[in-house]
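Letter by letter, the chains look like this.
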Protein chains: 2
Amino acid sequence: MSQIPVVERILGANEDLAAQNRRLLEAHGVHGINIMAAPGGGKTTLILRTIQALQGRRKIAVIEGDIASTIDADKVRAVGVPAVQINTGGNCHLDAVQVQKALAELPLEDVDLLFIENVGNLICPVAFDLGEHTRVALTSIPEGDDKPHKYPGIFAAVDALVVTKTDLLPWVPFNLAEFRRLVRGLNPDIRLFEVSCVSGAGLDEWVQWLMELTVRK
Amino acid sequence: MSQIPVVERILGANEDLAAQNRRLLEAHGVHGINIMAAPGGGKTTLILRTIQALQGRRKIAVIEGDIASTIDADKVRAVGVPAVQINTGGNCHLDAVQVQKALAELPLEDVDLLFIENVGNLICPVAFDLGEHTRVALTSIPEGDDKPHKYPGIFAAVDALVVTKTDLLPWVPFNLAEFRRLVRGLNPDIRLFEVSCVSGAGLDEWVQWLMELTVRK
């Protein structure tokens, strides 16, 4: 017996549940965004800055995925936004079952935009549809400009890429022009943003894009 | 049928092969080190700096694990050290089968210290013994000081932790004292190194530790 049929069955069941999640979000007029990045890529910080920027313009909720701890959900709740923390135990990605349970705890009728922050991992989350409408990857400047060579799957699979921590560009080697070329080679239609959550550079463009994706109820 | 028996069988088979790999390394007097970190944590850069520092003192070989590309093995070969690149396809970690095949391509009779650079991932590699003698994790300053909260498994599972990119400490928030306290809470016996491959700070202590672990043939 090979492992393949089991994996296929798991992914098939996940897709069914993801479709249910998507229908539930749509029934409430919620746009779901699955945020994926390596550990320390700046997911939570970008979400917090985005909440601040969209204050009074879009109602946001957040699902936080981590192996352990509640520190990310605590940070989001501290700025007055509903957040559910999923702890995956040892699991290296979120799945649609976990998201389905988290959705039941959120006031969806009062949400326009849902961020689902995946477990920090450039590989495993890519295979699991959670029921989102838009997939966004983050890659941070100090990770280096060779990531599209090494993790091509995630760059090919997302709608947008946010390059974070651009304030560190003076201190680390990173060829932005070559990086952009590599990313567009893997995904010609990708939306590219380059931001610093420290200086605020580039955030306006990202926030404008989110405004276009979502509708205020 | 649940997934558990399949997973147990895969891990059991992996352990048998890992034990074979370890015996093969020992028969040739080679000490194997499994290097694990998040994408962009600085694994290849640390290996390259260590090769330079141990020149003439220890004979090194490297197995490079990546989903795609050969750029890391190319960098190692460029400094005159034997290297084998494993491309895992989509797989998120190395396993003992892949390492067994790579070992067959290395001149083990002429190697004292083998670095096995795992796929960039803080989660999945931890479960797979490759036949190494020592497990080392890297965590880089720009990833942030909260990683032990979120990925406790890897901090508990390794013999040593190398904090990399300490030259970036002036530019990012990172509480080193609190980070050390968290890490030692998860793993009281861990060896802790703090290095910058840019300035060279802290590398002497790391290299000295490798000298003690290994023997020149």
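Above this note sits the structure.
From a predicted model like this one, the values you see are computed outputs, not experimental measurements. (Residues numbered from 1 in each chain as written. Chains lettered and ligands numbered in written order. Predicted model: local features only at pLDDT ≥ 70, side-chain atom pairs only at ≥ 80, totals over all residues.)

What follows covers the packing of helix H2 (residues 43–54) of chain A against helix H8 (residues 203–213) of chain A. All names here are of chain A. Orientation of H2 relative to H8, taken along the N-to-C sense of each, is 70°, at an axis distance of 10 Å. Judged by the angle between their axes, H2 and H8 are roughly perpendicular. In this structure, H2 uses Arg 49, Thr 50, Ala 53 and Leu 54 to contact H8, whose residues at the interface are Leu 203, Val 207 and Leu 210. (Axes fitted to C-alpha atoms, helices over the stretch in contact; angles between N-to-C directions. Helix = DSSP H or I, 4+ residues; strand = E, 2+ residues; numbered from the N terminus. Parallel < 35°, antiparallel > 145°, perpendicular 65-115°, else oblique. Contact = placed C-beta atoms within 7 Å.)

Contact with chain A, which involves 32 residues of that partner, is made by 32 residues of chain B. For the side of chain A that touches chain B, the elements supplying multiple residues, two or more each, are helix H1 (4–27), helix H5 (147–150) and helix H6 (152–157) of chain A. Residue classes in the side of chain A that touches chain B are distributed as 16 nonpolar, 10 polar and six charged. (Nonpolar A, V, L, I, M, F, W, Y, C, P; charged D, E, K, R; others polar.)

All right, on to the relation of the copies chain A and chain B then. Of the transformation placing chain A onto chain B, the axial shift is 0.0 Å and the rotation is 180°, giving an RMSD of 0.0 Å. The transformation just described matches what one would write down for a two-fold rotation axis. With an isologous cut-off of 70% or more, the 100% of interface residues of chain A that recur at the interface of chain B puts this contact in the isologous class. (Least-squares fit on C-alpha atoms with pLDDT ≥ 70 in both.)

Residue and element names in this part refer to chain A. Of note, Ser 69 is a non-glycine position whose phi angle comes to about 80°, a positive value. Phi angles above zero are rare outside glycine, and Lys 165 is one such case at about 60°. Considering the arrangement of structural elements, one finds Lys 165 in the loop between strand S6 (160–164) and helix H7 (176–186).

Let us now look at the environment of Gly 40 of chain A. With respect to the helices and strands, Gly 40 of chain A occurs in the loop between strand S1 (31–37) and H2. Separated by 99 residues in the primary sequence, Gly 40 of chain A and Thr 139 of chain A place their C-alpha atoms 9.3 Å from one another. Ignoring sequence-local partners within four residues, the contact set of Gly 40 of chain A consists of Gly 120 of chain A together with Ala 38, Pro 142, Glu 143, Gly 144 and Lys 147 of chain B.

Before going further, it helps to spend a moment on the sheet that holds strand S3 (residues 83–87) of chain A. All names here are of chain A. Strand order in the open sheet made by the seven strands is S3-S2-S4-S1-S5-S6-S7, with parallel pairing throughout. Here the strands that pair on one side only, and so sit at the sheet edges, are S3 and strand S7 (191–194). Averaged over neighbouring strand pairs, the angle between their axes works out to 20° when direction is ignored. In this sheet, strand S5 (residues 134–140) lies alongside S1 in parallel orientation, the contact comprising five bridges. By the bridge assignment for S5, Ala 37 is matched with Leu 138. Of the strands in this sheet, S1, strand S4 (113–117), S5, S6 and S7 are in contact with H8, which crosses S7 at around 140°. (Pairing = 2+ DSSP bridges.)

So, about the nonpolar core. Leu 114 and Val 162 of chain A together with Leu 114 and Val 162 of chain B are the most contacted members of the largest nonpolar core, which has 116 residues in total. Among residues more than four places away in sequence, those in contact with Leu 114 of chain A are Leu 25, Val 30, Gly 32, Ile 33, Ala 61 and Ile 63 of chain A. (Core = buried A, V, L, I, M, F, W, Y, C linked by C-beta atoms within 7 Å. Buried ≥ 20, exposed ≤ 12 C-beta atoms within 10 Å, placed from the backbone.)

Residues and elements named next belong to chain B. Across the sheet, seven strands lie side by side as S3-S2-S4-S1-S5-S6-S7; this open sheet has parallel pairing. If you trace the sheet from one side to the other, it starts and ends with strand S3 (83–87) and strand S7 (191–194), each paired once. The mean inter-strand angle of the sheet, taken between neighbouring strand axes irrespective of direction, is 20°. For strand S1 (residues 31–36) and strand S5 (residues 134–140), the ladder comprises four bridges, and the chain directions are parallel. Note on S5: the bridge partner recorded for Met 36 is Ala 137. Sitting on the sheet, helix H2 (residues 43–53) touches S1, strand S2 (60–66), strand S4 (113–117), S5 and strand S6 (160–164), and the angle it makes with S4 is about 165°. Sheet strands in contact with helix H8 (residues 203–213) are S1, S4, S5, S6 and S7, and its direction is about 140° off that of S7.

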